[in-house]
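Here's the letter readout for the chains.
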Amino acid sequence: MNKFIITGRLCDDPQIRYTQTGNAMATFNFAVDRPFTSGDKKKTDFFSCMAFGSTAENMDRLHIGKGTKLLIEGEVWNDNYQDRNGVKHYGVKISVRHFEFCEKKASNAPAPVEDGNFIDVPKEVEDEFDAMFR
């Protein structure tokens, strides 16, 4: 079984591209803090990630960008190659199959309504929600 689940933050905005056949592909770097430290310094691992098809399109549609905290689930692929000088390079890439938000950015949170504990839902979100359940 090849399954990879991590929680971290995007290091940059995903780069969305389309293949010649029209399939979406998103590439991005992902930072994951280690649960332990070395002295006073926190250690962070960085992963090169790819998402395809509807997963990539959803990242674009939801405007996921640098600093967004996500849980990503996918597979690990070898990214080994030999350069022109014959030197072998070893690495891995993460193929993202699914992602979930881990927090909501405070700057994107709508302000509470003055007369109660309710929050105004933006019209475009309400329309999209209604369309999903028709």
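The structure displayed is predicted, hence computed values, not measured ones.

Let's talk about the overall build of the protein chain
Within the protein chain, the regular secondary structure consists of two helices and eight strands. The order of helices and strands in the protein chain, counted from the N terminus, is β-β-β-β-α-β-β-β-β-α. Pairs at least 24 residues apart make up 54% of the contacts formed inside the protein chain by residues separated by at least 6 positions. Carbon and sulfur atoms make up 50% of the accessible area of the protein chain, which amounts to about 10200 Å² in all.

So, the state of the cysteines
Counted according to the given criterion, the structure contains zero disulfides. Take Cys 49: it sits in no disulfide, and the sulfur closest to it among the cysteines is that of Cys 11, at 8.8 Å. You can call Cys 49 buried: its relative accessible area is 1%.

Some details on the environment of Thr 19
Along the chain, Thr 19 falls in the loop between β2 (15-18) and β3 (24-38). Residue Thr 19 is classed as partly exposed on the basis of its relative accessible area of 37%. In the structure, Thr 19 is positioned 33 residues away from Phe 52 in sequence and 10.0 Å away in space, judged by C-alpha atoms.

Re the pattern of salt bridges
On inspection of all chains with the given rule, the structure shows four salt bridges. For Lys 3, the salt bridge goes to Glu 73, with nearest N and O atoms at 3.0 Å. Here the residue Lys 3 occupies a position in the segment before β1 (4-10), and Glu 73 occupies one in strand β5 (residues 69-78), the gap between them amounting to 70 residues. A residue is classified by how much of its surface remains accessible, and Lys 3, at 48% relative accessible area, is partly exposed. One salt bridge in this structure joins Arg 34 and Asp 45, with 2.9 Å as the shortest N-O distance.

Remarks on the nonpolar core
In this structure, Phe 30, Cys 49, Met 59, Leu 70 and Ile 72 are the most contacted members of the largest nonpolar core, which totals 19 residues. Only β1, β3, β4 (41-52), α1 (53-61), β5 and β8 (92-101) provide two or more residues apiece to this core. The element contributing the most residues to this core is β3, with five residues. Non-local contacts of Ile 72, meaning those with residues more than four positions away in its chain, are made with Phe 4, Ile 5, Ile 6, Phe 30, Cys 49, Ile 94, Val 96, His 98 and Phe 99.

Focus: α1
Turning to α1, its buried residues number three or more, namely Thr 55, Ala 56 and Met 59. Taken end-on, α1 shows its buried residues confined to a sector of 95°, consistent with a single buried face.

How each quantity is defined
Residues numbered from 1 in each chain as written. Predicted model: local features only at pLDDT ≥ 70, side-chain atom pairs only at ≥ 80, totals over all residues. Heavy atoms only, no water. Helix = DSSP H or I, 4+ residues; strand = E, 2+ residues; numbered from the N terminus. Contact = heavy atoms within 4.5 Å. Areas by Shrake-Rupley, 256 points an atom, 1.4 Å probe, with all protein chains shown as cover. Disulfide = S-S within 2.5 Å. Buried < 20%, exposed > 50% of the residue type's maximum accessible area, 1.4 Å probe, protein only. Salt bridge = Lys/Arg side-chain N within 4 Å of Asp/Glu carboxyl O. Core = buried A, V, L, I, M, F, W, Y, C linked by side-chain atoms within 4.5 Å. Arc of directions from axis to C-beta.

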